[in-house]
Every structure is written in structure tokens, then in C-alpha cells.
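# Observations on chain architecture
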Amino acid sequence: MINKKGNLYMAVTFAFLFFLVGMLMLPFIENSSTSLRTNLNCASNTISDGTKLVCLMGDTVVPYFIVGVLMLAGGFIGNNLGK
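Residues numbered from 1 in each chain as written. Predicted model: local features only at pLDDT ≥ 70, side-chain atom pairs only at ≥ 80, totals over all residues. Heavy atoms only, no water.

## Comments concerning the pattern of salt bridges
Pairing between side chains of opposite charge can happen when the charged atoms of each approach one another. To be explicit about the condition: Salt bridges are identified by distance alone: a Lys or Arg side-chain nitrogen within 4 Å of an Asp or Glu carboxyl oxygen. Secondary structure elements follow DSSP: runs of H or I no shorter than four residues count as helices, runs of E no shorter than two count as strands, and numbering proceeds from the N terminus.
All told, the structure shown has one salt bridge when counted by the stated rule. Of the charged contacts, one joins Asp-59 and Arg-37 as a salt bridge, the two residues approaching to 3.0 Å between their closest N and O atoms. Of this pair, Asp-59 sits in helix 2 (residues 49-59) while Arg-37 sits in helix 1 (residues 4-40), and the two are 22 residues apart along the sequence.

If you want it as C-alpha cells, here you go:
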């Protein structure tokens, strides 16, 4: 069985790996969000309320993705701190 320092080292390593992979995926998600806004013509004032809602949800994808990656990476570290 690995001791507490070994577990913490592995948790930090996995957290860094998830953070790195998440940040590498970010440009692809930003491109998808930009193309969504362009295809739906979100800058127009004449779009319907449903389309405005879809545009709003498309704008929140990137921040939610970043928060999710940080929570996942922090969960790896926090899981081993309490042991």
C-alpha cells in the first residue's frame, strides 16, 4: 500500500493531467461556441426568444467547461487530503 505522500503525489499528478487535457480541449470548444453564435445570428435583434436562450446557453459553455475541469482536478487532490 502506498503511503499518504505517495497518494497525494499521484493525486496531484492526475489533477495536473486532467487540467492539461482540459485546457488543450478549450480551443475546440471555443470554435464550436463561435460557430454556434455565427450560425444562429445571435448578434441580431430580430431573433426569437428561444434562439436568444440558445445563444445564451452557447455563451456559457466555455466558462462551465473551465469550472468543470477545475472541479475535477481539485476533486482528485481533495479526495486524498482527507485520508
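## What to know about the packing of helix 2 against helix 3 (residues 61-81)
Spelled out, the test is: Comment: axis = line fitted to C-alpha atoms, over the contacting stretch for helices; angle = value between 0 and 180 degrees taken between N-to-C directions. Contacts are assigned to residue pairs that have any heavy atoms within 4.5 Å of one another. Residues are sorted three ways: Asp, Glu, Lys and Arg are charged, Ala, Val, Leu, Ile, Met, Phe, Trp, Tyr, Cys and Pro are nonpolar, and all the rest, Gly among them, are polar.
Between helix 2 and helix 3, whose axes approach to 4 Å, the crossing angle comes to 35°. Where helix 2 abuts helix 3, its residues Met-57, Gly-58 and Asp-59 lie against Val-61, Val-62 and Pro-63. Tallied by class, residues from the contact of helix 2 with helix 3 come to four nonpolar, one polar and one charged.

## Some points on the packing of aromatic side chains
Definition in use: Aromatic rings from Phe, Tyr and Trp, taking only the six-membered ring of Trp, are treated as a pair when their centres fall within 6.5 Å; an angle between ring planes under 30 degrees marks them as stacked, one over 60 as edge-to-face, and anything in between as tilted. With a 1.4 Å probe rolled over the protein chains alone, any residue whose accessible area is under 20% of its type maximum counts as buried; one over 50% counts as exposed, and the rest are partly exposed.
By the definition in use, this model includes two aromatic pairs. Aromatic pair Phe-14 and Phe-76: ring centres 6.2 Å apart, planes at 35°, arrangement tilted. Residue Phe-14 is found in helix 1, and its partner Phe-76 is found in helix 3; the two are separated by 62 residues along the sequence. Residue Phe-14 is classed as partly exposed on the basis of its relative accessible area, which comes to 39%. With relative accessibility at 29%, the residue Phe-76 sits in the partly exposed group. Arranged with centres 5.1 Å apart and planes meeting at 20°, the rings of Phe-18 and Phe-76 form a pair that is stacked. On the criterion of sequence distance, the pair formed by Phe-18 in helix 1 and Phe-76 in helix 3 is long-range, its members being 58 residues apart. What links up through ring pairs into an aromatic cluster is the set Phe-14, Phe-18 and Phe-76.

## Let's talk about the state of the cysteines
To keep it simple, the criterion reads: Disulfides are defined as cysteine sulfur pairs within 2.5 Å.
Within the structure shown, the criterion is met by one disulfide. Shown here is the disulfide that connects Cys-42 with Cys-55, its sulfur atoms set 1.8 Å apart. One disulfide, between Cys-42 and Cys-55, carries an S-S torsion of -80° and so falls in the left-handed class. Taken together, the residues span a long stretch of sequence, with Cys-42 in the loop between helix 1 and helix 2 and Cys-55 in helix 2 at a distance of 13 residues. Summarising the burial analysis for this pair, Cys-42 and Cys-55 share the class buried.

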